[in-house]
Amino acid sequence: MKILINLIRNVLGVIMATLDLVTRGSKLKRTPEKQQEVNNALQQLSLYQFFACPFCIKTRRAMHKLNLPIETRSASEGSPHREELLAGGGRVKVPCLRIEQDGKVEWLYESSEIIRYLETRFS
Ligand SMILES: N[C@@H](CCC(=O)N[C@@H](CS)C(=O)NCC(=O)O)C(=O)O
């Protein structure tokens, strides 16, 4: 039964992720200089995620809207990033934004918190 539920959840997740990709709207427009500045700042960020997780889809959608090409790292089983997330953040829960700033690393969980952080910093 658990296998069937997981299968249905994964199939629905892949459908949602695909729909997300084909229904994305326009991105925030910045001057080339400003976008370059933002892109430089984004080098310090990475999003640990699963492709088909609804909370990750929501977060990626917000990143797209804000025109934030943040590196995404799969936390799926077997991926080395999963161990990084566990060791650094303390939990394998996604999405999680790794923020490096002033030599310190912060692991931000919760899709709503991540989106709020990105909107506040990059809108
Ligand atoms: N409230 C969280 C929910 C995140 C969540 O439940 N993520 C699932 C994947 S869809 C997860 O990481 N589950 C693993 C776990 O909780 O150990 C958010 O909005 O980010």
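Predicted model only: the values in this text are computed from it and were never measured. (Residues numbered from 1 in each chain as written. Predicted model: local features only at pLDDT ≥ 70, side-chain atom pairs only at ≥ 80, totals over all residues. Heavy atoms only, no water.)

Time to look at the pairing of strand β2 (residues 71-74). Relative to β2, strand β1 (residues 45-49) runs parallel, the two being bridged by four bridges. Paired with Q49 across the bridge in β2 is S74. The handedness of the β1 to β2 crossover, carried by helix α3 (residues 54-65), is right-handed. (Pairing = 2+ DSSP bridges. Helix = DSSP H or I, 4+ residues; strand = E, 2+ residues; numbered from the N terminus. Right-handed = clockwise from strand over helix to strand, strands pointing away.)

In the neighbourhood of the ligand, the contacting residues comprise C53, F55, V92, K93, V94, P95, E110 and S111. Burial of the ligand by the surrounding chains reaches 64%, relative to a free accessible area of 500 Å². For the shell around the ligand, the residue count by class is five nonpolar, one polar and two charged. (Near = heavy atom within 4 Å. Areas by Shrake-Rupley, 256 points an atom, 1.4 Å probe, with all protein chains shown as cover. Nonpolar A, V, L, I, M, F, W, Y, C, P; charged D, E, K, R; others polar.)

Our focus in this paragraph is the sheet that holds strand β4 (residues 104-109). A sheet is described by the order of its strands in space; here four strands give the open sequence β2-β1-β3-β4, paired in mixed fashion. Two strands bound the open sheet, and with one partner strand each, they are β2 and β4. Looking at each pair of strands side by side, their axes are set apart by 25° on average, direction ignored. Relative to β4, helix α4 (residues 80-89) is tilted by about 100°, and along the sheet it contacts β1, β2, β3 (96-101) and β4. (Axes fitted to C-alpha atoms, helices over the stretch in contact; angles between N-to-C directions. Contact = heavy atoms within 4.5 Å.)

Scanning the entire structure with this criterion turns up zero disulfides. Lacking any disulfide linkage, C96 is separated from the closest cysteine sulfur, that of C56, by 10 Å. (Disulfide = S-S within 2.5 Å.)

A separate point is the packing of α3 against helix α5 (residues 111-122). Running from N to C, α3 and α5 cross one another at 10°; their axes reach a closest spacing of 9 Å. Classed by the angle they form, the pair α3 and α5 counts as roughly parallel. Between α3 and α5, the residues in contact are F55, K58, T59, A62 and M63 and S111, S112, I114, I115 and L118, respectively. The residue makeup of the contact of α3 with α5, split by class, is six nonpolar, three polar and one charged. (Parallel < 35°, antiparallel > 145°, perpendicular 65-115°, else oblique.)

What follows covers the pairing of β3. Looking at chain direction, β1 and β3 are connected through four bridges and run antiparallel. When the bridges of β3 are listed, Y48 appears paired with C96. With six bridges joining them, β3 and β4 adopt antiparallel strand pairing. Following the sheet pairing, R98 is matched in β4 by W107. Turn length for the β3-β4 hairpin, with the two strands adjacent in sequence and antiparallel, is two residues, and the turn residue D102 shows positive phi of about 50°.

Okay, the packing of aromatic side chains next. The geometry of an aromatic ring pair comes down to the distance between the two centres and the angle between the two planes. All chains considered together, the criterion is met by one aromatic pair. Ring geometry for Y48 and W107: centres 5.3 Å apart, planes at 55°, overall tilted. Placement of the pair is Y48 in strand β1 and W107 in strand β4, with a sequence separation of 59 residues. For the pair shown, Y48 and W107 are each scored as buried. Stacked on the ring of Y109, the Lys or Arg R91 has its end atom at 4.0 Å from the ring centre. (Phe/Tyr/Trp six-rings, centres within 6.5 Å; stacked < 30°, edge-to-face > 60°. Buried < 20%, exposed > 50% of the residue type's maximum accessible area, 1.4 Å probe, protein only. Lys NZ or Arg CZ within 6 Å of the ring centre and 35° of its normal.)

Purely geometric numbers; function is a separate question.
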